[in-house]
Amino acid sequence: MNKKHGTLYVVATPIGNLQDVTLRALTILKQVERIAAEDTRHAAILLNHFGIHKPILSLHDFNEQARVEAILSHIEQGESIALISDAGTPLISDPGYHLTRAARARSIAVVPVPGACAAIAALSVAGLPTDRFVFEGFLPAKTQACFNRLSILQHESRTMVFYEAPHRLLATLSVMCQVFGEAREAVIARELTKQYESVLGDSLAACQAYYEAHAEQLRGEIVILLAGHQATALEEKTVSPEQVLSVLLAELPLKQAVSLASEILGERKNVLYEKALAMRAE
Ligand code: SAM
């Protein structure tokens, strides 16, 4: 790291409840020379609330690559900059990837100031396994593309986490029912940390029925969590070549038993023939 350079701080901000800002986030936001924010007006409201008045640079999905150079040159001249997004942790379905990557490539210190993240907040209360999970972010808006993306996850055994817009929730649940089956367990975490927070856990079909009956609740911000695929006893069952051969050898001549075992196991006949001979000799 170049000591003359400033630091790029990646600072998480609240996802609803302003009291979720961390003490360190406030300290860093007060300490840096500038703040890079997704939406400058939105950032100004948050920063004013905490009495922080700093020059704000805009950095959003559509200008990020073009703004990287300007931001990094400030840092290379010794300024420190804090990157924030509209809510939660920057880079998590938010801008910042190009900036942090370019900063690291230029040996600029990139320091995390962790805090709220909707995906993690939802996982922490969903009651689904959290030892292994996959974050899938936003699904494609078009139904066929959404179906294709979800189909890749059909046999995913880890808990899956999606971000979704309220007006798309019913359509997404319907595609999920097609791909994962109506009985798959889901959790809809809505408006976390806010006044109308709700966490609904049920089968996909029941979640869909609930929101069909309560269309007035189809607003706010939503995380969908989906239980992973659980292998059935049949899918988990594995048999050894010896087990297959011993059943077949008990009923059939050696050549036929080996031929059938080869078809069942997808193994070469000569390998199975050797095994069968060894088993006969025992
Ligand atoms: N960077 C953010 C984070 O750390 O969670 C996520 C930003 S992404 C553009 C916004 C999406 O996050 C929303 O559409 C929603 O899916 C989810 N989200 C954000 N705040 C939320 C909240 N309070 N409750 C539920 N979901 C939320």
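Reference entry: report on the structure contained in this document. These figures come from a predicted structure and were not determined experimentally.

Some words on the overall build of the chain
Then comes step 1: When helices and strands are tallied, the chain shows twelve helices and ten strands.
Then comes step 2: Since a compact globule built from 282 residues should have a radius of gyration of about 19 Å, the 27 Å found for the chain marks it as more spread out than a globular shape.
Then comes step 3: In terms of principal-axis extent, the alpha carbons of the chain reach across some 85 × 55 × 30 Å.
Then comes step 4: Taking contacts inside the chain between residues at least 6 apart in sequence as the whole, the part at least 24 apart equals 68%.
Then comes step 5: For the chain, the accessible surface area stands at approximately 15,500 Å², while carbon and sulfur atoms represent 52% of it.
Then comes step 6: Here the chain holds 26 positive side-chain charges and 31 negative ones, and the gap between their average locations is 7 Å.

What to know about the sheet that holds strand 2 (residues 34-37)
Then comes step 1: Pairing within the open sheet is parallel, and its five strands lie in the order 3-2-4-1-5. Each edge of the open sheet carries a strand with a single partner, namely strand 3 (56-58) and strand 5 (109-113). With direction set aside, neighbouring strand axes in the sheet form an average angle of 25 degrees.
Then comes step 2: Direction of pairing for strand 2 relative to strand 3: parallel, over a ladder of three bridges. What sits directly across from Ala37, in strand 3, is Ser58.
Then comes step 3: The sheet contacts of helix 3 (residues 64-76) involve strand 1 (7-11), strand 2, strand 3 and strand 4 (81-84), and relative to strand 3 the element is tilted by about 150 degrees.

Some remarks on the site of the ligand
Then comes step 1: Residues in close proximity to the ligand total 19 residues, the closest being Thr89, Asp94, Ala118, Tyr163 and Ile222.
Then comes step 2: The separation between an oxygen atom of the ligand and a polar main-chain atom of Ala118 is 2.8 Å.
Then comes step 3: One of the backbone nitrogen or oxygen atoms of Leu192 is found 2.9 Å away from a nitrogen atom of the ligand.
Then comes step 4: For the shell around the ligand, a count of residues per class yields eleven nonpolar, three polar and five charged.
Then comes step 5: Two domains each donate at least three residues to the shell around the ligand, and these are domain 1 (7-116) and domain 2 (119-226).

Focus: the sheet that holds strand 6 (residues 133-138)
Then comes step 1: Spatially, the five strands line up as an open sheet ordered 6-7-10-8-9, and their pairing is mixed. Of all the strands in the sheet, the pair left with one neighbour each is strand 6 and strand 9 (198-203). In this sheet, neighbouring strand axes are inclined to one another by 15 degrees on average, regardless of whether the strands run parallel or antiparallel.
Then comes step 2: With five bridges connecting them, strand 7 (residues 159-164) and strand 10 (residues 222-226) associate as antiparallel partners. Paired with Met160 across the strands is Leu226, a residue of strand 10.
Then comes step 3: Packing against the sheet, helix 7 (residues 169-180) makes contact with strand 7, strand 8 (185-190) and strand 10, and its axis sits at approximately 10 degrees to strand 10.

Quick notes on the environment of Glu136
Then comes step 1: Here Glu136 is to be found in strand 6.
Then comes step 2: Note: C-alpha distance between Glu136 and Phe50 (86 residues apart in sequence) is 33 Å.

Remarks on the packing of aromatic side chains
Two measures describe an aromatic ring pair: the distance that separates the ring centres and the angle between the ring planes.
Then comes step 1: What the rule picks out here adds up to three aromatic pairs.
Then comes step 2: Measuring from ring centre to ring centre gives 5.1 Å for Tyr210 and Tyr211, while their planes differ by 85 degrees; the resulting arrangement is edge-to-face.
Then comes step 3: One aromatic cluster in this structure is built from Phe135, Phe138 and Tyr163.

Observations regarding the state of the cysteines
Then comes step 1: Inspection of every chain in the model, using the stated rule, returns zero disulfides.
Then comes step 2: In this model Cys177 remains outside any disulfide bridge; the closest cysteine sulfur is found in Cys207, 8.8 Å from its own.
Then comes step 3: We classify Cys177 as buried; its relative accessible area is 10%.

Observations concerning helix 5 (residues 118-126)
Then comes step 1: Listed in full, the buried residues belonging to helix 5 are Ala118, Ala119, Ala122, Leu123 and Ala126. What you see down the axis of helix 5 is that its buried residues fit within an arc of 130 degrees, all on one side.
Then comes step 2: Where helix 5 terminates, the next one or two residues include Gly127, which has phi positive at roughly 75 degrees.

How each quantity is defined
Residues numbered from 1 in each chain as written. Predicted model: local features only at pLDDT ≥ 70, side-chain atom pairs only at ≥ 80, totals over all residues. Heavy atoms only, no water. Helix = DSSP H or I, 4+ residues; strand = E, 2+ residues; numbered from the N terminus. Rg over C-alpha atoms; globule rule 2.2 N^0.38 Å. Contact = heavy atoms within 4.5 Å. Areas by Shrake-Rupley, 256 points an atom, 1.4 Å probe, with all protein chains shown as cover. Lys, Arg positive; Asp, Glu negative; His and termini not counted. Charge placed at Lys NZ, Arg CZ, Asp CG, Glu CD. Pairing = 2+ DSSP bridges. Axes fitted to C-alpha atoms, helices over the stretch in contact; angles between N-to-C directions. Near = heavy atom within 4 Å. Polar contact = N/O pair within 3.5 Å; in protein donor to acceptor, adjacent residues only side chain to side chain. Nonpolar A, V, L, I, M, F, W, Y, C, P; charged D, E, K, R; others polar. Domains from an automatic or database assignment. Phe/Tyr/Trp six-rings, centres within 6.5 Å; stacked < 30°, edge-to-face > 60°. Disulfide = S-S within 2.5 Å. Buried < 20%, exposed > 50% of the residue type's maximum accessible area, 1.4 Å probe, protein only. Arc of directions from axis to C-beta.

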